[in-house]
Amino acid sequence: MSSADGSSADGVANGAGVIHDIGYQRYTGPRLGRRHLVGALYLHGLRTAFGLGRTAKAKIFPGIAIVLAFGVAVVAVAIRSQTHEVAVTYLQYTDALSIPMLLFLAVVAPELVCRDLRSRVLSLYFSRPLRRFDYAVARLAAVVSAVWLLLAGPLLLMFLGGAFAQTGGASGAWHEFTDFLGGLGYAAMTAVVLGAVAVPLASLSSRRAVGAVIIVGAFLVTTPVIGVLSGVGGPTARQLAPLLNPVGVLNGLEVWIYRTSVLEIGRFGPLYLAVAVFLVAAGVAGLGLRYRRVAV
Amino acid sequence: MLPIQTRSLTKRYPQVTALDALTVDVEAGIVGLVGANGAGKSTLIKILLGLLEPNEGSVLVLGMDPARQGEAVRARVGYMPEHGCLPPDMVAAEFVTHMARMSGLPRTAARERASEALRHVGLYEERYRQIGGYSTGMRQRVALAQALVHDPELLLLDEPTNGLDPAGRDGMLELIHRIGSEFGISVLVCSHLLGEVERICESLVAIDAGRLLRADRIDSMTRRRDVLVVEVDEGVPQLHDRLVELGLDVRRAGVGLLVPLASDDTFDLVMKAVAALDLPLHRLEQRRHGIAELFADRPKEAGHVLG
């Protein structure tokens, strides 16, 4: 035992008075507080989302998602550098990836949430100084960040490509940069809204497959309703129908904030914002409630 | 300072009263908490951790009230649940490191102490393997390592030998004994198997239906209570009556008689009685009174602290 000296001193110090080669050492260093716990749990969750520190099997799906996300961006950059026309805007990129993002969420949110419920490791978390609500927030933040990073990486690639391809000089570059920031912002809105809907849904089940099905179902089940309302409803119904779906809410928000035309929302822009804020607040509150109730 | 003190602690669920005016002082060292399944052991542990609030009464853990200072208590207590609680697809070393960080240890210290904790529980060689590939005994050791990793002052172990084979059981008990006696950490071991905790504990708290049966040091429970087992091939009733006449507190137990060993004279008294009745003596044996029999002797002395 390399620590024989230290352990004997320790043995005497804590009154045992016996020297054993087992050499148990007391911990006298710092015990960090709440912010550190949440931060460590958040980082751990973020790593887990991308399969880092886990088996090769757990890396497959995040790997596919990353390749796909960057693939679309590479194609967009290539087209732009050849034709000098913007084939995919920063906003369109996030919209185009909404289905892959949904699948990514359906895998990652249950990965972070259902696994802990199933293995009952929450007993170990909650018998530590970590608060239940802090656990829920750290998990949600990890999922939101994972989605945002998955969008922001390719957006950065598109910006770098676009900055070289654009022909407007310094002002063109500045314009490109503000577009890029707007794209990052929209990606963040997307990540927050989708995450705040998906994570509480995943926490309803301790089985990953069930969690995934609930998430995909929640996003897809309203799609035909929106289709029908847009088809047969009047102009007002058409402008309000997308509110039934989180992706629709985000599209409406994009139209209102960035003045694009993916949807027709009329004067209901503020309503889209209100619904988005409500979805996030309800998601956080629901998650907090869920973990207050969970038995350990 | 006593690690745990409770005063008329009561916890009621809609259907059942899990703890009923439990008043007990738990001393430092290794203390066994015994009781049948459903006696209230796990409820008590959850109250000690501040995960449940009692309906009445008060409790102090390491001098703090877990209901109000839950986080401070949980920072200094290690808990090993009764059920499986480990994520199968994580590597043991990384899992225990993560749990150390969740107790507030900085990254480097967490990693070092996780290695140390896994070494103490005998998993140093296997620490980079996935928990899912471990045997039940190894998993229990990981659960113990995560309870130990942040250097708690008090360990709460809920049925730590659950699901282990006899060898694994012995290993786990030996480990707990070492933690309590050499590491300077107080340990509360919950078990429904008295024979197990009796082997490693210095004192014992027995509860039944949420009430205290008895709390005492093991040696004082057994010291005055050695018995003589007397077996004769025939004439048991005559011998019984004879010994009663001699003023001994004789009890029938199976085929034999149990005589409390008051002094060395008891041997002679019994021998002479057997000889006088001319009975074929089959066995005369001094036996340490099993603690299980002690509890069987004292039905429902609730709320009474001996010693």
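Please refer to the structure placed before this passage.
What this report covers is the structure whose coordinates are included nearby. This is a predicted model, so every value here is computed, not measured.

A look at helix 4 (residues 107-120) of chain B
All names here are of chain B. Taking 1.5 Å of rise per residue, the 14 residues of helix 4 would be expected to cover 20 Å, and the 20 Å separating its terminal C-alpha atoms lies within 8% of that figure. Inspection of helix 4 places Ala109, Ala110, Arg113, Ala114, Ser115, Ala117, Leu118, Arg119 and His120 among the buried residues, and these make up the whole buried set. Where helix 4 is buried, its residues touch helix 3 (92-102), helix 5 (136-148) and helix 6 (166-182). Phi turns positive one or two residues past the end of helix 4, at Gly122, with a value near 80°.

Remarks on the pairing of strand 9 (residues 211-217) of chain B
Residue and element names in this part refer to chain B. Here strand 9 lies mainly inside the structure; 5 of its 7 residues are buried. Where strand 8 (residues 203-208) meets strand 9, 6 bridges bridge the pair, whose relative direction is antiparallel. Across the sheet, Ser203 pairs through a bridge with Arg217, a residue of strand 9. Between strand 8 and strand 9, which pair antiparallel one after the other, the connecting turn spans 2 residues, and Ala209 there sits at a positive phi close to 50°.

What to know about the packing of aromatic side chains
Enumeration according to the criterion identifies 11 aromatic pairs over all chains in this entry. Taken together, a centroid distance of 4.3 Å and an interplanar angle of 10° make the contact between Tyr24 of chain A and Phe183 of chain B stacked. Within this pair, whereas Tyr24 of chain A is found in the loop between helix 1 (4-13) and helix 2 (34-49), its partner Phe183 of chain B is found in the loop between helix 6 and strand 7 (186-191), the two belonging to separate chains. What makes Tyr24 of chain A buried here is its relative accessible area of 6%. Pairing Phe159 of chain A with Phe180 of chain A gives two aromatic rings, centres 4.7 Å apart and planes at 15°, and the pair type is stacked. Placement of Phe159 of chain A in helix 7 (residues 132-165) and of Phe180 of chain A in helix 8 (residues 169-202) is noted, with a sequence separation of 21 residues between them. Judged by relative accessible area, which is 14%, Phe159 of chain A ranks as buried. Judged by relative accessible area, Phe180 of chain A falls into the buried class, the value being 6%. Among the aromatic residues, those joined into a ring-pair cluster are Tyr90, Phe159, Trp174, Phe177 and Phe180 of chain A.

A word on the sheet that holds strand 4 (residues 56-61) of chain B
Residue and element names in this part refer to chain B. On the basis of which strands lie adjacent, the open sheet formed by 3 strands has the order 2-1-4 and antiparallel pairing. Among the strands making up the open sheet, the edge pair consists of strand 2 (17-26) and strand 4. The mean inter-strand angle of the sheet, taken between neighbouring strand axes irrespective of direction, is 20°. Pairing geometry for strand 1 (residues 4-12) and strand 2, over 6 bridges, is antiparallel. Its bridge partner being in strand 2, Ile4 is matched across the sheet by Val26. Along the sheet face, helix 1 (residues 41-48) touches strand 1, strand 2 and strand 4 and points at about 115° away from the line of strand 1.

The rules behind each value
- Residues numbered from 1 in each chain as written.
- Chains lettered and ligands numbered in written order.
- Predicted model: local features only at pLDDT ≥ 70, side-chain atom pairs only at ≥ 80, totals over all residues.
- Heavy atoms only, no water.
- Helix = DSSP H or I, 4+ residues; strand = E, 2+ residues; numbered from the N terminus.
- Expected span 1.5 Å × (residues − 1).
- Buried < 20%, exposed > 50% of the residue type's maximum accessible area, 1.4 Å probe, protein only.
- Contact = heavy atoms within 4.5 Å.
- Pairing = 2+ DSSP bridges.
- Phe/Tyr/Trp six-rings, centres within 6.5 Å; stacked < 30°, edge-to-face > 60°.
- Axes fitted to C-alpha atoms, helices over the stretch in contact; angles between N-to-C directions.

So far we have only geometry, and geometry alone does not tell us how the molecule works.
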